[in-house]
Amino acid sequence: MKPTVKTFIIIFTYISVCFLGCLILGFCLNESNFNHLLPHHIGIARFLKGLTFFCDIFPSICACGALFGLAWSFNTKVGNLKRYSRIQLGNLKRVLFVSFISTFMCFITSEVVYPLVNQKQTKIENEIQNYVDFYYFANEYKALGNYNLAKFYVENALKLHPTSPAAKALANEIEYLSTDVEKTEYDFSNEIAKYVANINVTQKTPEDEISHLLDTAKSHYVNNDFFNAHYYAIQAQYLTKEGSLNHQTAMNIAADAWNKISNTENQYDKELAALYAEKKRGYVALLEEDFIKSYYIFNDLIDKGYNDKDIVFYKDVAEQGLLNITFFTDESETLRKFESSRDIYFTLNHSDGSKDVIYIRGITILDDAGQFVQYFRNFLLSRYSKDGKFQKSIFTPYAKMIAIPASSLGKSVENTNIKKDGYVPYVLLSSVDRYSSSNQVLPTYTFAYDYPNEIEERAIVLEMPYEDINLIRQASKGAEQMPIPALFQFSEKASSYGYSSAIYSCSLAYRISFPLFMMICYIIVGLFAWNYRLMPGRPIKFRWYLTFPVFQLIIYLIFHVLTYFGNIFFFTLFGAIGTKAIFVAPIILTFGILWAALAYTSLRGE
Amino acid sequence: MKQSLYLVFKYITIFLIMVTVASYLHMQEAQLTLLVAGKTLPFFNLKLFAQGFLTYFHLCCAFSILPFCFYFLRHKYKMVQYLIPYIIICILVFFVIFPLGMDLQNKYADFLSPLNKTEQTPLSEGYFRSTSTYLDYYISTNDDGSSEVLHIPKSTALNSFYSYSPETITAQKGNSTGFSDPLIFDIFGSDTHVSLFKDFFAYLEVKMKDAYRNGFLSFFLFMSIGFSLSSTIGLCRIGKWRLFNIFNQFFAFFAIIFLNAMLYSNQFYAAFTFLAPARKWLPYTVNYLIFALNATIGIVLVCSQVDPNRESE
């Protein structure tokens, strides 16, 4: 058998044995480690625990396997070897090959397998947290008499833990209390489609738009459809320059149409006149950009059974306008259980030196809308002046964030790191009920007593690139949980968002250098393997296998201590040369590999 | 003779490398306890380096014995060539350098005293520091080192779900973790393996100082650990594969240290109450027994077989 093949057989056999060992260990762990989880998750949690353990010790497993494999494969008689001999160069190839494969496997384990396992573990932990929250809220809402919401929460709790006796009992109780209340479901996909469509509509060129609008207005006027004629004329009027021919035409059509609208009212009988008046009221609200009022007027009309073309159309227009300043409460409540992150926090610096401290308890991302719509649970913003004095705070139970083009912010973008053609987050702070105007969820504002500008906005723009929200979402979980590309982007910006750039840069430097560092370690392992190789003609004894776990432990501890020292090394390097450390550290380690390879070839044989 | 002197030189080289690395790491660790987010870690600090040297040089002497053994086992040395310098070095280390270390540590006790809470660095403003229940944002630092902190609870209760106004509290400087900044503690202080190692050696160190203070006899008895550690060389011929041999020796070396720490700890006697009366003399007896056992194994192996660590010629 070729020595390299022999080495790999030993390494892979050893890895497989260790893998099984770790899984068995996971299943042998004390019950108390998993008591806090949902019962049907315990099996998978044990499996994941075993896998985590395996990933954790994987570099040392490879090292131990390589050490024994190589030391065994070196048991050929070589006689007296001088430094840098041909045989050692041949052996070096084998050592480098083994090192490379081991390093590659370590890298895959730490960058691919471990994050996946971790993600799954977090998901399991979040589900039990969500279950506890849902159950708690269901109880609270039941006590408050809001059975709709109580039912909604208890149903979600039951989805997570179908066999829970407590949740079942609560569900029955709520069911009994709320037999006359019916729950309404709503399909959100329309919402997103509308929003995405809305983004696209605004991209049209103004000239085409104006002539199209004027034509539509004229044709509606001819057909005695005066509401639409007025509406399109007004739209055209907004887009044209004052004094231009088109502007004048649009104004004329609008004025004529309005006269007709006002005069037509008296021509109808009592019921139709009332409907007409209501329609007009909704339309006027729309023109005054009171989209919420307009939405409820048209929505009420539809509810009452009047669903002519105008009403449906203006309800849609009002709804689009409404969705620019607020959102429907039910959108966010059902989405709660899909929360992808918890506890997200960052700061935003303003040009006047003041800063916003932002904390979000949970974020839900809608996959089908790309990353353009995100829902925040418990959004808190606290603003502090340059000298650290509290200015104002905003708190809202649910907020919806959408992306708007940075160009819409105008000049304020210029001195920031926002790209002009990029997007910025726009946070809608209030939400309204889809059917009733009475249930609005408004943000709570708190102002410092000497704060001059007490405006309670319904929506705010966060002056930061939209992509950064996603980086921060990942960064809040810790540097070691971030994928390398995200970490790379974030490490430079970290301190401006209230994170330590040293920690994120060092973590990045460590992660990038990890394969190089492992490579050095494995070459040194090869060096040890040669120095303490199995002598030619000596058979392997069974009792040597029994000592493997002990040696595994020793090598694991050595590796652990080495990574700890590695961290200190990166912090020192960062202290000395700053962010350049990210590039300098790999260079230093590459020299380390060369040194190790050279040290290997310089080994003598007896 | 020449070969033996060369080995002594090798030992000194190993010791110097080890003590430099240990002192540097001590220095950087001490600097890390003072580091707060936003500041950079200085590259060198002579005072802390010297502190590291004084703290660790005798321990480094003892730990250098292990790589020293690995060195002469790997090379073609005759037994007399390595055994004589080995024995001399062991005696010097455990009965000259250790007392010297104790003396120096007593002499410079003030210089070596660890930092207390008041010496910690005030936490830097403009950073988040998160615990499992609260998220803290450090808004500003006061003159006395305390900080104004925005204190946000992470838990979801209905009352904080629908209305919440931020609460600002004043956090005092310093914490019990030993690190000025919890962000740094999370990376370096929370490593259980490393802190376990440290606690463990610190514990033995305390016991050793006690023994030294109680006079020569008690120190000599405590140093029985030196006998047992040195005797691990007796195990170097136990197998036919020297990789197996050095691992055995390595394991035995640390197992003895662990065993000693255990034999001095209160928990051990709480678990094995029947050994409690023997508490005073048990560690020494165990150490001398190990010494006798290892020495016997060594002598028997030397007499009964050719050196398995050398290539069959």
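Structural data are supplied above this passage.
As a starting point, this report considers the structure included with it.

About the cut-offs
- Residues numbered from 1 in each chain as written.
- Chains lettered and ligands numbered in written order.
- Predicted model: local features only at pLDDT ≥ 70, side-chain atom pairs only at ≥ 80, totals over all residues.
- Heavy atoms only, no water.
- Helix = DSSP H or I, 4+ residues; strand = E, 2+ residues; numbered from the N terminus.
- Expected span 1.5 Å × (residues − 1).
- Buried < 20%, exposed > 50% of the residue type's maximum accessible area, 1.4 Å probe, protein only.
- Contact = heavy atoms within 4.5 Å.
- Buried area = accessible area lost by both parts, 1.4 Å probe.
- Salt bridge = Lys/Arg side-chain N within 4 Å of Asp/Glu carboxyl O.
- Polar contact = N/O pair within 3.5 Å; in protein donor to acceptor, adjacent residues only side chain to side chain.
- Axes fitted to C-alpha atoms, helices over the stretch in contact; angles between N-to-C directions.
- Left-handed = near helix turned anticlockwise from the far one by under 90°.
- Nonpolar A, V, L, I, M, F, W, Y, C, P; charged D, E, K, R; others polar.
- Phe/Tyr/Trp six-rings, centres within 6.5 Å; stacked < 30°, edge-to-face > 60°.
- Pairing = 2+ DSSP bridges.
- Core = buried A, V, L, I, M, F, W, Y, C linked by side-chain atoms within 4.5 Å.

Moving on, we come to helix α11 (residues 291-303) of chain A. Residues and elements named next belong to chain A. Spanning 13 residues, α11 covers 18 Å between terminal C-alpha atoms, matching the ideal 18 Å at 1.5 Å per step. For α11, the complete set of buried residues consists of Phe291, Ile292, Ser294, Tyr295, Tyr296, Ile297, Phe298, Asn299 and Leu301. For α11, the secondary structure elements touched by its buried residues are α10 (270-287), α12 (309-325), β1 (327-328), β8 (431-432) and β9 (440-441). Trailing α11 by a residue or two, Gly305 shows a phi angle of about 105 degrees, which is positive.

To continue, consider the interface of chain B and chain A. Listed by partner, the interface residues are 62 residues for chain B and 74 residues for chain A. Taken together, both faces of the contact between chain B and chain A bury some 6300 Å²; the carbon and sulfur share is 69%. For the interface between chain B and chain A, the tally reads 0 salt bridges. For the pair chain B and chain A, the number of links is 15 residue pairs in polar contact (both at pLDDT 80 or more). The leading source of residues in the side of chain B that touches chain A is helix α10 (residues 242-264) of chain B, at 8 residues.

Residues and elements named next belong to chain A. Interhelical geometry of helix α15 (residues 484-493) versus helix α16 (residues 501-531) gives an angle of 145 degrees and a closest axis separation of 9 Å. Considering only the axes of α15 and α16, their crossing is left-handed. Contact residues: α15 offers Ile484, Leu487, Phe488, Phe490 and Ser491, while α16 offers Ser501, Tyr504, Ser505, Ser507, Leu508 and Arg511. Of the residues in the contact of α15 with α16, the class split is 6 nonpolar, 4 polar and 1 charged.

Looking at the element boundaries, Gln51 of chain B is found in helix α2 (residues 46-74). Overall, Gln51 of chain B belongs to the buried group, its relative accessible area being 8%.

Here we come to the packing of aromatic side chains. In the structure shown here, the tally under the stated rule is 75 aromatic pairs over all chains. Ring geometry for Phe63 of chain B against Phe201 of chain B: centres 5.5 Å apart, planes inclined by 90 degrees, an arrangement best described as edge-to-face. You can see Phe63 of chain B sitting in helix α2 and its partner Phe201 of chain B sitting in helix α7 (residues 192-213), a full 138 residues away along the chain. The exposure class of Phe63 of chain B is buried, given its relative accessible area of 18%. Among the aromatic residues, those joined into a cluster by ring pairs are Tyr14, Phe68, Phe542, Trp544, Tyr545, Phe548 and Phe551 of chain A together with Trp241, Phe244 and Phe247 of chain B.

Moving on, we get to the pairing of strand β3 (residues 355-365) of chain A. All names here are of chain A. With 10 of its 11 residues buried, β3 lies for the most part within the structure. The pairing of strand β2 (residues 341-349) with β3 spans 8 bridges and is antiparallel. When the sheet's bridge partners are listed, Phe346 is paired in β3 with Ile358. Here β2 folds back onto β3 in antiparallel fashion, the turn holding 5 residues, of which Gly353 has a positive phi close to 95 degrees. Sheet topology places β3 next to strand β5 (residues 373-384); 10 bridges connect them, and they run antiparallel. For Gly362, the partnering residue across the bridge sits in β5 and is Arg377.

Here we come to the nonpolar core. Most often, soluble globular proteins keep nonpolar side chains buried together rather than apart. Residues Tyr600 of chain A together with Phe72, Phe98 and Leu243 of chain B are the most contacted members of the largest nonpolar core, which totals 107 residues. With residues near it in sequence (within four places) discarded, Tyr600 of chain A still touches Phe74, Gln88, Asn91, Leu92, Val95, Ile523, Gly526, Leu527 and Trp530 of chain A. Membership of the second largest hydrophobic core comes to 76 residues, among which are Val427 and Leu508 of chain A together with Ile152 and Leu183 of chain B.

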